[in-house]
Amino acid sequence: MARGIKDKVAIIGMGCSSFGERWDCGAEELMVEAFEEALGDAGIDRSQIEAAWFGTAFDKVHVGGSALPMATTLRLSGIPITRVENMCATGTEALRGAAYAVASGAADIAVAMGVEKLKDTGYGGLPAGSKGTLPDLWVPNGSAPGNFAQLATAYSAKHGISSEDVKQAMAHVSWKSHQNGAKNEKAHLQKAVTMDTILGAPMIAEPLGLFDCCGVSDGSACAILTTPEIAKALGKTDIITIKALQLCLSDGVEASFNSWDGSHFATTRVASKKAYEEAGIKNPREEVSMFEVHDCFSITELVTMEDLYISEEGGAVRDILDGFYDADGGVPCQIDGGLKCFGHPIGASGLRMAYEMYLQLQGKAGERQLKDPRIGMTHNLGGAPHNNVAAVAVIGRMD
Amino acid sequence: MTQSVGITAYGAYLPRLRLDRASIAKAHAWAMPGLRGQGEGERSMADWDEDAITMAVEAARDCLQETDRSSITGAYLASTTLPFADRQNVGVVASALNLGRNIKSMDIAGSMRAGTSGLIAALRGAGQGTTLFAAADARKAKPASTNEFQYGHGAAALMLGSEGIVATFMGSNTVTADFVDHFRGAGEDEDYAWEERWVRDEGYMKIVPETVQGLLDETGVAAGDIDHFIMPCTMGRVASGVAKRLGINDEALRDNLAANVGDTGAAHAILMLAHALEDATPGQKILLVQFGQGADALLFETTDALSSLPARKGVAGAIARGKTETEYMKFLSFQDQVSIDFGMRAEVDNKTALSTEYRKKDMVTGFMGGQCSQCGTVQYPRTLYCVNPNCKAHDSQEPISFADVPAAVMSYTADWLSYSPSPPYYYGQVQFENGGRVLMGFTDVDPEDIAVGTSLKMVFRIKDFDKQRGYRRYFWKAAPAA
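Residues numbered from 1 in each chain as written. Chains lettered and ligands numbered in written order. Predicted model: local features only at pLDDT ≥ 70, side-chain atom pairs only at ≥ 80, totals over all residues.

Focus: the overall build of chain A
Across its full length, chain A carries 15 helices and 11 strands. Seen through its principal axes, chain A has C-alpha atoms that stretch 55 × 45 × 40 Å. Classification of the 399 residues of chain A by burial places 62% in the buried group. Pairs at least 24 apart in sequence give 78% of the contacts found in chain A among residues at least 6 apart. (Helix = DSSP H or I, 4+ residues; strand = E, 2+ residues; numbered from the N terminus. Buried ≥ 20, exposed ≤ 12 C-beta atoms within 10 Å, placed from the backbone. Contact = placed C-beta atoms within 7 Å.)

Next up, the structure:
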């Protein structure tokens, strides 16, 4: 395996807009909100930015195609800007592009920006549209909850865990995220809810009820990257660096071959293994202080904690119900509320996860600050269980 | 005739749903309490994803069974509810059945006699080769009309040829008379009918005996020798009146399936013929009549080969699989007779790239996947590199049909968020016995019928409507096999 980029890239500034139904804002206002915060945090001038990556997934419902909306909105003059899209993993893709630019020496300072203005569609949930001219002819017209709900039926069947127990653990996942989100003033949903409310909610895609699903939010997030050396030269102390960035895509095996059992993410397993290796992590359950995982649905978080090798296979239900992933548990997960409560503006989500790690590692997470975290990991997933893009990032303090 | 021709196999299809007629009467009772008397029994109703084409495909599959599809030399589809006015409808049926390209093909429409007149034409041209003849109809009727109670949706199919005849074609006679008992203007959805008593007295009772007598005279067969008399007619006692006038025995009169199926339009005579063949024994004479701007009469005689024809679901099987439906509003909505607000998700543009569809015709319409010639892996969709992670061979896949391969549910959901004309939208991963795996939409599902491991069969259905352009696209769906 390649040497990787551990400690070659430092994060010197981050910004994140408030997430939610930002009726008074377009993508432009959201981008500027995150960008201004990040610039102020980094203490640099925009003229120092040498390259940028722009992540947005549902361009057709807000900014349109290309990276031009970023260049013109943020008045970034004369620099290369690349638009990336990799479904819900888009935000981490933007981070990856900018990080590799810095690590390679192609740019001293690079910016990753992710944005999604979703609440101009007129309805809840993600926009529906063409899947491509050939998939439109045969692929079912399912929804995201419909695709992910199938994990639950397959997981129950595989592990012989009753659907009631799985449902209970799923509810605890959402309960915990609501508890955490209530302490985040930028979160879309800032209200704690009871287990009864979660378990009694209307069905969206069986067995996922309303509270098993994250909402759809407007928002943006931004990261400014440079090398640790330049960071020091800029007067930065307590430097936060990227330890690993890994991406793994389905190659069609889960969808069309017969080796996958439908109960887990094959891609996440590969990406996380490579990330631990890149970051030099031997025992993730002991070494990783906290996680922001792609909890688009409660069941996604449940099985992901196994695919990240934190819970044993078939053991996530028990860990969740034991409170292992709660704010005061062994490895807190979704400490900012997660997609579930912070919100899920698609292109911004991967960067939003990194933002929470960045705050926590610097001790700047306010009321929800964890005690002395050293290593944080983000997991950002696009697509569906049978066909997806898994992106993980390990971020930590530079010792 | 120098060479005998006739029917070599038959098949039938009825949609699973059977609308309880009492539910129709109840829905209209506020305005027409008198309809209560018609609220007895059930009528078949197409699901939202069924039409004349899909029903014809299923009837044809029941008819063809294991028949080598490449032996078929002609295909006909008769219907008054063909989904396309200009795009050969039987062409879709032929593609779904993976018939070859070198076949004669034709749609027949325009009258209740489309089924029988089409059959006469097909039989007279059936000297060489094997012809598939299908008839299907899914007529709409005005809410609260008598037709709404009496119509049913269904299809039947016959294989015609000169080898392996189970019912020999003895002859036919046709009378053409522009007697307008009912009509449906071009572009109209529903029929307009004249007074039943006139239709009975001046129509059926005069035109049908004239037509049948002509046939009996020509073939030299005595009315009393008819074993099965088939005459679709929803008016009470008309068929028996005609039989009596002609001297046909009472016992020969076939059940018109009014009680539990309804009148399936241009398909009905063919459906009743299939039903008769299920009951008939070798050496029996079957007389088939269809009224409509005149009348057609056809005479068949069953052969010994009938007893050795492999078992099929047929009409009896189709009737047996019925599920009672009591939601009248669902029926209206499925037929687009009421516009339900399904929300903005229903607004999605379902434009079909016709060039893509043609390029992938066998894969999509014919449900042909691929089998790797190097490692044997079976997969859908067929791709340029084998999906087996240990193979990945290039250009190695031979077409292989998935349509008749047994399968089971691997995972599934009932999705209330996605738009479906019949919520919730059931779909999931389907594991085929040949090793293939496909994410598919489900149909004909009841909540209690579905679980991980449930056995599935494949059925040909409408996938999406493009209401903006008047197009519809078809694909295969998984349905509980039981």
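Considering the packing of helix α6 (residues 196-219) of chain B against helix α7 (residues 238-246) of chain B
Residue and element names in this part refer to chain B. At a closest axis distance of 10 Å, the pairing of α6 and α7 adopts a crossing angle of 45°. The pairing of α6 with α7 is recorded here as oblique in orientation. As α6 runs across α7, the sense of the crossing is right-handed. Within the contact between the two elements, α6 uses Arg200, Tyr204, Met205, Val208, Pro209, Val212 and Gln213 and α7 uses Val238, Gly241, Val242, Arg245 and Leu246. Among the residues making up the contact of α6 with α7, the classes are represented as 8 nonpolar, 2 polar and 2 charged. (Axes fitted to C-alpha atoms, helices over the stretch in contact; angles between N-to-C directions. Parallel < 35°, antiparallel > 145°, perpendicular 65-115°, else oblique. Left-handed = near helix turned anticlockwise from the far one by under 90°. Nonpolar A, V, L, I, M, F, W, Y, C, P; charged D, E, K, R; others polar.)

Some remarks on the domain arrangement of chain A
Residue and element names in this part refer to chain A. Per the domain assignment, the segments making up chain A are domain 1 (10-117 + 218-240) and domain 2 (144-201 + 243-397). Relative to domain 2, the C-alpha centre of domain 1 lies at a distance of 24 Å. Residue-level contacts link 34 residues of domain 1 with 32 residues of domain 2. Elements with a minimum of two residues in the side of domain 1 that touches domain 2: β1 (10-16), α3 (90-104), β4 (110-116) and β7 (219-226). Across the side of domain 1 that touches domain 2, the residue classes tally to 18 nonpolar, 11 polar and 5 charged. (Domains from an automatic or database assignment.)

With respect to the nonpolar core
Counting 282 residues, the largest nonpolar core has Ala98 and Ala223 of chain A together with Ala56, Ala59, Val93 and Ala134 of chain B as its most contacted members. Residue contributions to this core peak at 10 residues, all from helix α15 (residues 346-361) of chain A. When near neighbours in sequence (up to four residues on either side) are disregarded, Ala56 of chain B contacts Leu77, Val93, Ala134, Ala136, Ala155 and Ala157 of chain B. (Core = buried A, V, L, I, M, F, W, Y, C linked by C-beta atoms within 7 Å.)

Some details on the sheet that holds strand β7 (residues 154-161) of chain B
Residues and elements named next belong to chain B. With mixed pairing, the 9 strands of this open sheet are ordered in space as β5-β4-β6-β7-β1-β8-β13-β12-β11. Among the strands making up the open sheet, the edge pair consists of β5 (104-108) and β11 (228-230). Each strand axis lies, on average, 20° off the axis of its neighbour in the sheet, ignoring direction. Where strand β4 (residues 72-78) meets β5, 5 bridges bridge the pair, whose relative direction is parallel. When the sheet's bridge partners are listed, Ala75 is paired in β5 with Ser105. Contacts between α6 and the sheet are confined to β8 (167-176), β12 (285-291) and β13 (294-302), with β8 contributing the most and set at about 135° to the helix. (Pairing = 2+ DSSP bridges.)

Quick word on helix α3 (residues 89-96) of chain B
Residue and element names in this part refer to chain B. Counting buried residues along α3, 7 of its 8 residues qualify, which places the element largely inside the surrounding structure. If you follow the buried residues of α3, they end up packed against α2 (52-64), β4, β5, β6 (130-137), β21 (455-466) and β22 (471-480). One or two residues past the end of α3 sits Asn98, with phi positive at roughly 55°.

A word on the sheet that holds strand β2 (residues 51-55) of chain A
The strands making up a sheet associate through hydrogen bonds between their backbones, and the pairing can be parallel or antiparallel. Residues and elements named next belong to chain A. Spatially, the 9 strands line up as an open sheet ordered β3-β2-β4-β7-β1-β8-β11-β10-β9, and their pairing is mixed. Here the strands that pair on one side only, and so sit at the sheet edges, are β3 (81-84) and β9 (290-292). With direction set aside, neighbouring strand axes in the sheet form an average angle of 25°. Bridging between β9 and strand β10 (residues 375-384) involves 3 bridges; their strand directions are parallel. Its bridge partner lying in β10, Phe291 is registered against Met377. Along the sheet, helix α1 (residues 27-42) makes contact with β1, β4 and β7, crossing β1 at roughly 140°. On top of the sheet, α3 reaches β2, β3, β4, β7, β8 (240-249), β10 and β11 (387-397); it is set at about 170° to β4, its chief contact.

What about the pairing of β4 of chain A?
All names here are of chain A. Taken across its 7 residues, β4 has 7 buried, putting it largely inside the fold. Side chains Ala110, Ala112, Gly114 and Glu116 project from β4 onto one buried face, and the interleaved Val111, Met113 and Val115 project onto a second face that is buried too. Sheet topology places β2 next to β4; 5 bridges connect them, and they run parallel. What sits directly across from Ala52, in β4, is Val111. As paired elements, β4 and β7 share 7 bridges and run antiparallel to each other. Each bridged residue has a counterpart across the sheet, and for Ala112 the counterpart in β7 is Ala223.

Overview of the interface of chain B and chain A
Accessible area lost upon the coming together of the parts serves often as the stated size of an interface. Counting residues at the interface gives 37 residues for chain B, matched by 33 residues for chain A. Those elements giving two or more residues to the side of chain B that touches chain A turn out to be α11 (354-359), β18 (407-415), β19 (425-432), β20 (437-441) and β22 of chain B. No other element matches the 6 residues that β18 of chain B contributes to the side of chain B that touches chain A.

As for the domain arrangement of chain B
Residue and element names in this part refer to chain B. Per the domain assignment, the segments making up chain B are domain 1 (6-334) and domain 2 (402-480). At the junction of the two partners, domain 1 supplies 15 residues and domain 2 supplies 10 residues. Within the residue set of the side of domain 1 that touches domain 2, elements represented by two or more residues are α2, α3 and α10 (328-334). No other element matches the 4 residues that α2 contributes to the side of domain 1 that touches domain 2.

Topic: unusual backbone geometry
Residues and elements named next belong to chain B. Across the junction of Tyr380 and Pro381, the peptide omega takes the value -5°, indicating a cis bond. With respect to the helices, strands and loops of the structure, Pro381 is situated in the loop between β16 (378-379) and β17 (397-401). The omega torsion of the bond from Pro423 to Pro424 falls at -5°, within 30 degrees of zero and hence cis. With respect to the helices and strands, Pro424 occurs in the loop between β18 and β19.

A look at the environment of Leu14 of chain B
Residue and element names in this part refer to chain B. Structurally, the position occupied by Leu14 is in the loop between β1 (6-13) and β2 (17-20). Residue class for Leu14 comes out buried when judged on the 32 C-beta atoms lying within 10 Å of it. If near-sequence neighbours (up to four positions away) are discounted, Leu14 is found in contact with Ser44, Gly154, Val261, Ala318 and Ile319.

With respect to the pairing of β8 of chain A
All names here are of chain A. β8 sits mainly inside the fold: 9 of its 10 residues count as buried. As paired strands, β1 and β8 are joined by 2 bridges and run antiparallel to one another. The residue bridging Ile11 from the neighbouring strand is Ile240, located in β8. Relative to β11, β8 runs antiparallel, the two being bridged by 9 bridges. Considered in β11, the bridge of Cys248 is made with Ala390.

Observations concerning the packing of α2 of chain B against α3 of chain B
Relative orientation and spacing of two packed helices are given, respectively, by the angle between their axes and the distance between those axes. Residue and element names in this part refer to chain B. Packing of α2 against α3 leaves a shortest axis separation of 9 Å and a crossing angle of 40°. One element, α2, and the other, α3, form an angle in the oblique class. Between α2 and α3 lies a crossing of right-handed hand. Here α2 contributes Ala52, Ile53, Ala56, Val57 and Ala60 to the contact with α3, which in turn contributes Asn89, Val92, Val93 and Ala96.

Some thoughts on α15 of chain A
Residue and element names in this part refer to chain A. Between its first and last C-alpha atoms α15 spans 24 Å; for 16 residues at 1.5 Å apiece the expected length is 22 Å, and the two agree. The element α15 is extensively covered by neighbouring structure, given that 16 of its 16 residues are classed as buried. Phi turns positive, to about 70°, at Gly363, one or two residues after α15. (Expected span 1.5 Å × (residues − 1).)

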